[in-house]
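Given next are the chains, with one letter for each unit.
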Amino acid sequence: MRDHWYTASAPGKFVILGEHSVVYGRPAIVLAADLRMTVAVRRSRWNTMNGERLDFRRQPHLRYLTRDLRHAVDVETHSDIPVGSGMGSSAALSAAMAMALAAMDGRHLTEEEVMLEAYGAEFYAQGNGSPMDASACVHGGGITVNMPEPRGRHLWDVSRGERHWSFSDLEVPEMTFVIGNTGIRAPTGPLVDRVHRYMERSRFACEVIDDIAELTVQGGRALMRGDKEELGRLMTRDHKLLSILGVSCDELNRLVNASLPYSYGAKLTGSGGGGCMVALTDRPEKVCQAIASRGGTPYVVRTGGAGARMELRPPTTAELRR
Ligand code: MEV
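Numbering of residues starts from 1 in every chain and runs along the sequence as written. Selection of residues for local features in this predicted model requires a pLDDT of at least 70, selection of side-chain atom pairs for listing and counting requires 80 or more, and totals for whole chains, interfaces and linings are taken over all residues. The basis for the side-chain values is all heavy atoms of the structure; hydrogens and waters are excluded.

Thoughts on the side chain of aspartate 133
Under the scheme used here, helices are H or I runs from DSSP no shorter than 4 residues and strands are E runs no shorter than 2 residues, and both carry numbers assigned from the N terminus. For aspartate 133, the position within the fold is in helix H4 (residues 132-139). Residue class for aspartate 133 comes out buried when judged on its relative accessible area of 17%. Residues in contact with aspartate 133, not counting those within four places in the same chain, are Lys13 and Ala91. Under the scheme applied here, a residue whose accessible area is under 20% of the maximum for its type counts as buried, over 50% as exposed, and between as partly exposed, the area being computed with a 1.4 Å probe on protein chains only. Contacts are residue-level and defined by heavy atoms, with any inter-residue pair within 4.5 Å sufficient.

Here's what the structure looks like:
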């Protein structure tokens, strides 16, 4: 019953501006990173993941993605993207897996179809988020969400209830970003829920979301002009607003503060609560040193990572288990 492997990969992502407010249909700017998740699948007699029996309670994404399969699968994953770090590891897993499963079935999905599958899996697994991570991990490069003019090529629209997201391609700017990982794992769902509860009981929290939306639009314009000073200033301001919403933590604040003397600006990226921060800088070595000296793991990101794609050659077991 065993078949050959079908392999796909998808990039991680980092949010420049607009996380959390994007959940409410507000604007956001996201870039793909040059870190990838690779997923290989093949037909099998039992469901396994990386050589162990697959426990769907612990992998709800995979339960969703395999819902129509009439047979079991072996799944092997290899990731450069740190898990639970705000860099889109779960959206990249969903995107690559959706693509590999379709190929195994002899189907070709459009980019938009892969995104909808990946978003469906994300929504099933953690509820309540936006299609931003799935879109970024499928499309790669850079994307903007619900951004007024100027915008790049329109990609797709997604609606859920009263919320609506319109995605456009973003020409990726020549800018250097450094990621700092706190090493603290923080799943997205509970942080999105925390902000939601805060907004339900506080008009102030809703105004903070409005402020994030406004500065994201300004940030989009600064990005188009290549104005690093203004973009950095807005990123640092965004970090303060996200801290007010309660999604930063001491470790993230420490890495952001350490980066600021050598950066245009810095902020947490993704859902927060741990995970990663990102700094915009012309002095990446200095920022890396500052992050490392505060116990974080620095990483100079190369932007413009390719979107989800099939890999021609199945990875060897050694590569997958690296
Ligand atoms: C997580 O990368 C970004 C959030 O805005 C959640 C989402 O948009 O799904 C916090």
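Next, the rest of the story.
Some words on the nonpolar core
One finds Phe14, Ile16, Val41, Phe177, Leu231 and Leu245 to be the most contacted residues of the largest nonpolar core, which totals 102 residues. Broken down by element, this core gets its largest block of residues, 12 residues, from helix H2 (residues 89-104). A domain-level breakdown of this core finds at least three residues from each of domain 1 (6-172 + 305-320) and domain 2 (176-302). Residues within four places of leucine 231 in sequence aside, it is in contact with Ile16, Leu17, Met175, Gly219, Ala222, Leu223 and Leu280. Working definition of a nonpolar core: buried Ala, Val, Leu, Ile, Met, Phe, Trp, Tyr and Cys residues. They are joined through side-chain atoms within 4.5 Å. An automatic or database domain assignment supplies the residue ranges for each domain.

Digging into the state of the cysteines
Disulfides are defined as pairs of cysteine sulfur atoms found within 2.5 Å of each other. Under the defined criterion, the tally for this structure stands at 0 disulfides. Unpaired in terms of disulfides, cysteine 137 finds its nearest cysteine sulfur in cysteine 276, a separation of 13 Å. The exposure class of cysteine 137 is buried, given its relative accessible area of 0%. Free cysteine: cysteine 249, not disulfide-bonded; nearest cysteine sulfur from cysteine 276 at 11 Å.

A few points about the side chain of serine 89
Within the element layout of this structure, serine 89 appears in helix H2. Relative accessible area serves as the criterion here: at 8%, serine 89 is assigned to the buried category.

Focus on the pairing of strand S6 (residues 142-145)
Side-chain alternation along S6 places Gly142 and Thr144 on one buried face and Ile143 and Val145 on a second face that is also buried. Paired strands, in this sense, are two strands between which DSSP finds at least two bridges. Bridge analysis of strand S2 (residues 28-44) against S6 gives 4 bridges, and the strand direction is antiparallel. Considered in S6, the bridge of leucine 31 is made with glycine 142.

Regarding unusual backbone geometry
Backbone geometry at asparagine 50 places phi at a positive 50 degrees, although glycine is not the residue there. Here asparagine 50 shows up in the loop between strand S3 (48-49) and strand S4 (52-53). A relative accessible area of 29% places asparagine 50 in the partly exposed class. Phi at asparagine 146 is positive, roughly 45 degrees, even though this residue is not glycine. Position of asparagine 146 relative to the elements: it lies in the loop between S6 and strand S7 (154-160).

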